[in-house]
Amino acid sequence: MTKPSDILCIGSVLWDVIGRAPAVMRQGSDVPGRITRLPGGVAMNIAMTLARFGMTPALLTAIGRDAEGDELVAACEARGMVTSTIYRSDDLPTDRYMAVEGANGLIAAIADAHSLEAAGEKILKPLHNGDLADGANPYGGLIALDGNLTLDLLSKLATSPLTEQADLRVAPASPGKAERLSPFIKSGRGTLYVNLEEAGLLCQTSFEDAATAAAALLQRGAARVLVTNGGEDAAEGTASNVICATPPQVLVTRITGAGDTFMAAHIAAEARGAGRADALEQALKAAAIYVSGDPDT
Ligand SMILES: Nc1ncnc2c1ncn2[C@@H]1O[C@H](COP(=O)(O)OP(=O)(O)O)[C@@H](O)[C@H]1O
Ligand SMILES: O=c1[nH]cc([C@@H]2O[C@H](COP(=O)(O)O)[C@@H](O)[C@H]2O)c(=O)[nH]1
């Protein structure tokens, strides 16, 4: 029996290896700093924030049956997440992400999500084998889905009966993978969470502000969108209208994971019954607290 959860997080759960230096960095820099290893991956970041807001996420991902994988699953369990829904692979290693951040922001990052990609549809088994749902009774709750899955699998999910009854919340994994979300614009299914750059990539243009980007995504077929723009106004749009709000001004101490925190806080606010404007305000407040927080937590 699977322990009850109130949201499924589908996508990448991996180890983040983050190097941080107080110096301004450029290509070829070799400077003293701190290197930390933390649970990461977009689905995990969202799940961790949801857990902090009192929700119980179940994870649908691929994790290797290796020592790094065991440690990662234990870290998920320690945070109260449901892990029996995870696909553990005997032959695929646990995925990793590596980033370098200097005083001038993110210098570069590499995401190695090859095992998740290779596992493909195997991670979705609990949605049709009766653990969470089956063909006759599709899953009808919240799903947070990340764009680390292959375009092929995301395309299937955008039209699949497996997710037809679900309240689907979709986030790109990075600007480089933003276009993988285009099936959800085409099918007009789900709520998309993107930053301004990702909105531009999805519309093959660039936008000056979040409200314009939200309107363009809706016009192309998206059912509902949230567009963030760092410290500038964020927007939320549905078929009826686009609303905006301004993030609180804070001193930024970390940037990795701001978008994921925004999304999780927004979902949690709505799960508690917040209306559109209130949920947007709460998400901006939570993201501001996060970006101005202790980078080592
Ligand atoms: N400089 C900042 N000041 C205040 N809030 C910020 C700042 N940068 C990011 N945030 C918060 O994090 C959210 C997401 O940041 P953004 O940079 O748009 O996304 P991503 O992390 O996906 O690139 C913003 O909407 C805002 O709430
Ligand atoms: O292709 C990917 N890039 C980045 C991430 C994850 O996203 C976070 C960094 O996101 P951002 O740069 O938006 O802060 C990290 O936790 C990392 O593991 C991911 O899953 N896949």
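In this convention, every chain numbers its residues from 1, walking through the sequence in written order. The naming scheme follows written order: chains are lettered A onward, ligands numbered 1 onward. Residue-level local features of this predicted model are given only where pLDDT is at least 70; pairs of side-chain atoms are given and counted only at 80 or more, and the full residue set underlies all totals for whole chains, interfaces and linings. As a convention, hydrogens and water are excluded, and side-chain values are obtained from all of the structure's heavy atoms.

### Re the site of ligand 2
Part 1: Proximity is defined per residue: if any heavy atom of the residue lies within 4 Å of a molecule or strand, that residue is considered near it. Lining the immediate environment of ligand 2, one finds 16 residues, of which Asp-16, Asn-45, Asn-148, Lys-177 and Gly-257 sit closest.
Part 2: We call two N or O atoms a polar contact when they sit within 3.5 Å, provided that within protein one can donate a hydrogen and the other can accept it, with sequence-adjacent residues counted only if both atoms are side-chain atoms. Within the backbone of Gly-41, one N or O atom sits 2.9 Å away from an oxygen atom of ligand 2.
Part 3: For ligand 2, the accessible surface in isolation is 470 Å², of which the surrounding protein chains cover 84%.
Part 4: Helix numbering and strand numbering both begin at the N terminus, where a helix is a DSSP run of H or I of at least 4 residues and a strand a DSSP run of E of at least 2. Those elements that place two or more of their residues in the shell around ligand 2 are β2 (14-20) and α1 (42-52).
Part 5: Of the residues assigned to the shell around ligand 2, the class counts are 6 nonpolar, 8 polar and 2 charged. Only the protein chains shown count as cover for residues, with accessible areas throughout obtained via the Shrake-Rupley method and a probe of 1.4 Å. Classification convention: Asp, Glu, Lys, Arg as charged; Ala, Val, Leu, Ile, Met, Phe, Trp, Tyr, Cys, Pro as nonpolar; all other residues, Gly among them, as polar.

### Brief notes about the nonpolar core
Part 1: As used here, the term nonpolar core means buried Ala, Val, Leu, Ile, Met, Phe, Trp, Tyr and Cys residues forming a set that is joined through side-chain atoms within 4.5 Å. Only protein chains enter the accessibility calculation, which uses a 1.4 Å probe; a residue is then buried when its area is under 20% of its type maximum, exposed when over 50%, and partly exposed in between. Counting residues in hydrophobic clusters, the biggest one holds 43 residues, and the most contacted among them are Ile-10, Leu-145, Leu-149, Phe-184, Leu-217 and Val-227.
Part 2: With 6 residues, helix α7 (residues 210-219) is the largest single contributor of residues to this core.
Part 3: Grouped together as the second largest cluster of nonpolar side chains are 38 residues, Ile-7, Val-13, Ile-63 and Ile-267 included.

### Brief notes about the state of the cysteines
Part 1: Disulfides are defined as cysteine sulfur pairs within 2.5 Å. Going through the model one piece at a time under the given rule, you end up with 0 disulfides.
Part 2: The thiol of Cys-203 is not disulfide-bonded; the next cysteine sulfur, from Cys-244, is found 16 Å away.
Part 3: For Cys-203, a relative accessible area of 4% gives the class buried.
Part 4: The partly exposed category is assigned to Cys-244, whose relative accessible area is 43%.

### Notes on the packing of helix α8 (residues 258-271) against helix α9 (residues 276-291)
Part 1: Axis definition: a line fit to C-alpha positions, over the contact stretch in the case of helices; interaxial angles, taken between N-to-C directions, run 0 to 180 degrees. Direction vectors running N to C along α8 and α9 enclose 140°, while the axes themselves pass 8 Å from each other. Note on packing geometry: the crossing formed by α8 with α9 is right-handed. In this structure, α8 contributes Ala-258, Thr-261, Phe-262, Ala-265, His-266, Ala-269 and Glu-270 to the contact, and α9 contributes Ala-279, Leu-280, Gln-282, Ala-283, Leu-284, Ala-286, Ala-287, Tyr-290 and Val-291.
Part 2: Across the contact of α8 with α9, the residue classes break down as 12 nonpolar, 3 polar and 1 charged. For a crossing to be left-handed, the near helix must be turned anticlockwise from the far one by less than a right angle; the clockwise case is right-handed. Contacts were defined at the residue level, with two residues in contact if any of their heavy atoms lie within 4.5 Å.

### Side note on the site of ligand 1
Part 1: Among the 14 residues in the neighbourhood of ligand 1, the closest are listed as Asn-195, Thr-228, Gly-230, Val-252 and Gly-259.
Part 2: Within the contact set of ligand 1, an oxygen atom lies 3.4 Å away from a backbone nitrogen or oxygen of Asn-229.
Part 3: A total of 550 Å² of accessible area belongs to ligand 1 in isolation, and the protein chains cover 78% of it.
Part 4: The set of elements that each furnish at least two residues to the shell around ligand 1 consists of β12 (224-229), α8 and α9.
Part 5: The dominant element in the shell around ligand 1, judged by the number of residues it contributes, is α9, at 3 residues.
Part 6: Considering only residue class, the shell around ligand 1 consists of 8 nonpolar, 6 polar and no charged.

### Points about the packing of aromatic side chains
Part 1: Note on aromatic pairs: the rings of Phe, Tyr and Trp (six-membered ring only in Trp) are paired at centre separations within 6.5 Å, and the planes decide the class, stacked below 30 degrees, edge-to-face beyond 60, tilted for the rest. By the definition in use, this model includes 0 aromatic pairs.
Part 2: Two conditions define a charge sitting above a ring: the NZ of Lys or the CZ of Arg must be within 6 Å of the ring centre, and it must be within 35 degrees of the ring normal. Positioned above the aromatic ring of Trp-15 is the side chain of Arg-37, whose terminal nitrogen or guanidinium carbon lies 3.8 Å from the ring centre.

### Section: unusual backbone geometry
Part 1: You will see that Gln-204, though not glycine, has its phi angle at about 50°, which is positive.
Part 2: Tracing the sequence through the fold places Gln-204 in the loop between α6 (196-203) and α7.

### Considerations on a nonpolar patch on the surface
Part 1: What makes a patch is a set of residues exposed beyond 30% relative accessible area and free of salt bridges, joined within 9 Å when like-charged and within 5 Å when nonpolar (Val, Leu, Ile, Met, Phe, Trp, Tyr). Here, a salt bridge means any Lys or Arg side-chain nitrogen found within 4 Å of an Asp or Glu carboxyl oxygen. A cluster of nonpolar side chains, contributed by Leu-106, Val-250, Val-252 and Ile-255, occupies part of the molecular surface with about 320 Å² of accessible area.
Part 2: Mapped onto the secondary structure, Val-252 falls in the loop between β14 (242-245) and α8.

### Quick word on the pairing of strand β1 (residues 7-10)
Part 1: Residues of β1 alternate between two faces, with Ile-7 and Cys-9 on one and Leu-8 and Ile-10 on the opposite face, all of them buried.
Part 2: Alignment of β1 against strand β4 (residues 57-60), held across 4 bridges, turns out to be parallel. The residue bridging Ile-7 from the neighbouring strand is Pro-57, located in β4.
Part 3: For β1 and strand β9 (residues 142-146), the ladder comprises 4 bridges, and the chain directions are parallel. Opposite Cys-9, over in β9, you have Ala-144 as the bridge partner. At least two DSSP bridges between two strands are needed for those strands to be called paired.

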